[in-house]
Amino acid sequence: MKYVDYERPTSLKSALDILSEKGDVTKIMAGGTDILVKLRVRSEQPDLLMDSKEIPELNELSFNHDTGLTIGAAVPLYKLYADADVKKYYPALVDSTTIIGGIPIQGRATVGGNLCNSAPSADSIPTLIVLGATASIQSSGKLREVPVSEFCTGPGSNVLKSNEMLVTINVPAPADNSAAHYMRFIPRNEMDIAVVGVGSYVKLNASGDKFESVNVSLASVAPTPLNVTEISKFLSGKDVNDENIEKAGQLAKEASKPISDMRGTAEYRQHLCSVLTKRSINKSIERIKGA
Amino acid sequence: MTNIKEPKKYEVIGTRPLRPDGTDKVTGRAIYGGDFEMTGLIHGKILRSPHPHARIKSINYDKALELEGVIAVVTADDLPVNPDGNISIGYSRGNILAKDKVLYVGHAIAGVAAIDPHIAEEALDLIEVDYELLSAVMNVEEAMDSSSEIIHENSFMKEFGEMTVTNNNIDEHFQHKMGNIDKGFENADLIVEGKYSTVMVHQGYIEPQAATALWRTDGSLTVWNSTQGSFPDRDELSNILDIPISKIKVVPLEIGGGFGGKIPIYQEPVAALLSKKAGNPVKIIMSRKEVFESTGPTPGGYTWVKIGVKNDGKITAMQSELAFEAGAYPGSPVGMGSLCVFAAYKCDNQLVDGYDVIVNKPKTAAYRAPGSPNAAFGTEQVIDEISQKLGIDPIDFRMMNAISEGDRRVDGPKFPVNGLKQVLESMKNSPQYQKKLKGSNKGRGIAVGYWFNVGLQSSCSITVNTDGTVNLIEGSTDIGGSRASIAMQAAETLQIPYDSVNPSIVDTNTVGYTAVTGGSRTTFSTGYAAHLAAEDVRDQMIKRASEMWGVPNDSVVYSKGQFSSDADPELSMSFKELASQLENTGGSIAGKGSINPKKVGGSFAGSICDLEIDPDTGKSTILDFTAIQDAGKAIHPSYVEGQMQGGSAQGIGWALNEEYFYDQNGIMNNSSLLDYRMPTSLDLPDINTIIVEVPDPTHPYGVRGVGEANIVPPIPAIANAMKRASGKRFYNLPMNPPAVISKLNQDL
Ligand SMILES: Cc1cc2nc3c(=O)[nH]c(=O)nc-3n(C[C@H](O)[C@H](O)[C@H](O)COP(=O)(O)OP(=O)(O)OC[C@H]3O[C@@H](n4cnc5c(N)ncnc54)[C@H](O)[C@@H]3O)c2cc1C
């Protein structure tokens, strides 16, 4: 690892000042579970590491029945999944965040870091996408909101400019008769990167026999987390039955563009897209009916 | 659960005391290889080849030396030359630092020492190596094809024990023959054959290799390292650096796992050469990537097996061909694999061919029963197939054909007393086997496996303290609780409590020659040496008592920790009382024991595996697992069970997910613990254990080393379970979810 300077600003303003001055040679660190590994193997060699954990705005975690959930970009996973409102209203976020790494990783890692790291395999991004989350991005003097579905632009790349940082992720308030779910396939039972991950969001009609809207987003099968809009189009207004869900699985498989690597072959990943999409949609339906 | 039929006759052996090193290890106080510190210590890093096969045209390290903080750089030019052309020393040196060619990705090229490890690492980027790329040979099939690129241009194939003039990538072809194989197959009613392939896997010890070397100006060298054998390290350092063993001291630190992988040395000679140039002690710690790419994994390759059998279940012929990857230098475990492939079965007609094959991968090293799992993956599946075809219970079928004492192994020797039949019997009677397995996509598989106890030299000494305790001085580095199991044997022989024995593991200047902690030998051989040292102490104490009492030496009896004399029933003294008198009766007592046992027995192990396959994802979940093994006599049953569970865990990982995943360019893509996919605790079932005890008569307490055989049967047992769960036979490892899905989709 190369020697690197370290700063820990305690206000958003000073953080943004640092970024306006030397954002192009700075890397932001939240939990550090991605960035420190990259520094160590020298795939990133910034001059400055800026720790974001002392910035108050990035530590916000709040829920409001009208506006939904605000997740500060430096909130560690363990705080998120232990939060009573998150557990009650956003179980899919619990699905995602309790499988990232193990206990020691979850003590440091953040959803913000997971999003900004922008790996195609990131376990929280499909969930954020299906829940319709947006990212609040700030630079000196400018705030913009970007839907998470448009945030990632390629493996490890995203819409952030070098003078910008993610401040919060905002998840809309839950609607009636709706639920979401995330699952991934790994050959082991922990400590692995998703071979395929599937987040699903389902909203049913009041009687629970028709889909009103469905979102499905896939991890690890394309250069970015994939939002399968074909499924949303196909399922809305359709009956809840095995045949339609089977077809949704097929659509996920067709939409996927996986590669073959050490974690699985393209063929196998496509196969899993269909299997996991069906399972995840069924789990979301179970959640609605169980509620 | 222990299957002990005889009444208890020992005081200490068979109990489960705490290990002496436990507290320091769990509190982090124990000093492992990487923890060593010393005044003036500097840090080394190693430049490694990015190519699997290339000629080194030039190396220029001027710029690295110019970097502030860099103190020394070494390359193969700093190693002694090889005047007598000793091929094997040439290979050893070549693997330490590549000379003319790099033979695998990760092959060491140069070492850099600097004031801190980060500067040393930066300096690696400044070394310029000019390569001429050669085509890489990545598996045995490719390497055995005569048109493949030759890896060692000046070496020739040995065939049937003789050197030929053939220059290819086969280092050796050997054959073992018994009876008449053609006749054996002619007499068979049923013949089953199959070719079973495995891929390269790593031992996966938690602690990476770490060593510090100090080359003093007087020419003496001290090395502090994490090793399975300080004496073999000393010998190897002497060979590679061409300095006498008397100039070298190896000080073993605590070791965080080895499984055979810490028998060879890697960075020690580089650290020594750097220290010689720099004048400082030099420490080198490997990263996990280096551990995967640059140490010694166990080979992939194939085991082809053909077995003929009568309808009544009697085996008439067994034939096998095994070809294993040696890695970049000769010496795969195919020789041992060929002795294990049919070890469990009695058959008069056998033929086994073995090939040691050079490929552009790291030189393989020992890994727990090296070669036997690869062989059993073939044999035990063919045996399973036959028992299924004949409709005979797979344990019964093995029992019908099990070897007994006096039966010959394929290379000639007769089997000594062994516990195979008792292992099979315990498998059959086990709670797991007695329970029915119900439900679809589920299957139960069983298998057995064999591994040797190598014997080899061990030495111990014991000194008596005046408070009645003793110090036990040994040279076996403690990986799996051997301080305890050796101290227990000394305590038993001395008839004193376990915690009256204080074991110390010392350096190569302080105890007699002791071979590696490996080969299932430590509890056997070092335990035996401790027993001899204890007997020596006991005899000297008897002599001392006879002198004190003025009675004949042979009238003194030592029983239940008390000295007494037949000459006078009034005379009696405890071990502790006599120990307190040593100063005034002739001075302290030190006993010694050395041994190099021959004709040591081996150990059979069995596995029973119940598993379920998810037909949609191809993932296998192990529902229940029992490990059964002959321990001869379990000195410390908890540590025997620990070995059985550890071997099973590694076997499960090897069967289901572990592999060196290479891309088309001969580069390993998954050299991290994240992607290498060893099982975590969540991937393993509770592993039930059944210890079988059929004593080895060549050991005073009947010990059989249990460190290795337990990794052999899990792999075929899992394959056999998968066959019964899915109806499909698996010919390749790993049997991971994508492989299962593509298998299930075959013939659909
Ligand atoms: C052992 C291990 C296991 C893992 N397992 C998983 C897993 O199962 N699933 C999974 O998805 N991931 C996994 N990861 C990856 C990692 O833990 C996650 O991506 C985690 O969520 C990253 O969060 P962090 O806070 O540690 O990010 P950091 O490393 O601090 O940051 C990640 C990236 O985001 C940038 N960044 C951080 N904060 C901001 C900000 N406010 N604004 C702009 N950019 C920012 C950083 O500069 C960096 O590029 C694992 C990592 C390890 C080491």
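Each remark here, short or long, concerns the structure printed above.
Residues numbered from 1 in each chain as written. Chains lettered and ligands numbered in written order. Predicted model: local features only at pLDDT ≥ 70, side-chain atom pairs only at ≥ 80, totals over all residues. Heavy atoms only, no water.

Novice: Explain the overall build of chain A to me, using residue names and the numbers behind them.
Specialist: The helix and strand inventory of chain A stands at 11 helices and 14 strands. By the compact-globule yardstick of 19 Å for 291 residues, chain A fits well, its C-alpha radius of gyration being 19 Å. In terms of its C-alpha atoms, chain A occupies a principal-axis envelope of roughly 55 × 45 × 30 Å. The buried share among the 291 residues of chain A stands at 53%. Contacts spanning at least 24 positions in sequence make up 61% of the contacts within chain A whose residues lie at least 6 apart. (Helix = DSSP H or I, 4+ residues; strand = E, 2+ residues; numbered from the N terminus. Rg over C-alpha atoms; globule rule 2.2 N^0.38 Å. Buried < 20%, exposed > 50% of the residue type's maximum accessible area, 1.4 Å probe, protein only. Contact = heavy atoms within 4.5 Å.)

Novice: An account of the interface of chain B and chain A is requested, with residue identities and associated values reported.
Specialist: Contact residues are listed per partner, giving 27 residues for chain B and 23 residues for chain A. Of all residues in chain B, Lys619, Leu674 and Arg677 of chain B give up the largest surface area on contact with chain A, accounting jointly for 24% of the area buried on that side. For the pair chain B and chain A, the number of links is six salt bridges. Across the pair Glu121 of chain B and Arg42 of chain A runs a salt bridge whose closest N-O atoms are separated by 3.6 Å. Listed by contribution, the elements that provide at least two residues to the side of chain B that touches chain A are helix H4 (117-124), helix H19 (673-676) and helix H21 (737-745) of chain B. At four residues, the largest contribution of residues to the side of chain B that touches chain A is made by H4 of chain B. Along the lines of polarity and charge, the residues of the side of chain B that touches chain A split into 10 nonpolar, seven polar and 10 charged. (Buried area = accessible area lost by both parts, 1.4 Å probe. Salt bridge = Lys/Arg side-chain N within 4 Å of Asp/Glu carboxyl O. Nonpolar A, V, L, I, M, F, W, Y, C, P; charged D, E, K, R; others polar.)

Novice: Please provide a residue-by-residue account of the site of the ligand, values included.
Specialist: Residues and elements named next belong to chain A. The environment of the ligand is made up of 29 residues, and the closest members are Ile28, Thr33, Asp34, Thr110 and Asp123. The contact in question runs from an oxygen atom of the ligand to an N or O atom on the backbone of Gly32, over 2.7 Å. Note that an oxygen atom of the ligand is positioned 2.8 Å from one of the side-chain N or O atoms of Arg184. Here the ligand has 990 Å² of accessible area as a free molecule, and 91% of this is covered by the chains. Only strand S2 (26-29), helix H7 (111-117) and strand S10 (165-171) provide two or more residues apiece to the shell around the ligand. Broken down by element, the shell around the ligand gets its largest block of residues, four residues, from H7. (Near = heavy atom within 4 Å. Polar contact = N/O pair within 3.5 Å; in protein donor to acceptor, adjacent residues only side chain to side chain. Areas by Shrake-Rupley, 256 points an atom, 1.4 Å probe, with all protein chains shown as cover.)

Novice: Can you tell me about the sheet that holds strand S12 (residues 210-215) of chain B, naming the residues and giving the values?
Specialist: Residues and elements named next belong to chain B. One open sheet holds the seven strands; their spatial order is S4-S6-S2-S15-S12-S13-S14, and the pairing between them is mixed. Two strands in the sheet have a free side with no partner beyond their single neighbour: strand S4 (70-75) and strand S14 (248-252). Across this sheet, the average inter-strand angle for adjacent strands is 25°, counted without regard to direction. As judged from the four bridges shared by S12 and strand S15 (residues 282-285), these two strands associate in the antiparallel manner. By the bridge assignment, Ala213 is partnered in S15 with Val282. Contacting S12, strand S13 (221-225) and S14, helix H7 (residues 230-241) runs over the sheet at an angle of about 145° to S14. (Pairing = 2+ DSSP bridges. Axes fitted to C-alpha atoms, helices over the stretch in contact; angles between N-to-C directions.)

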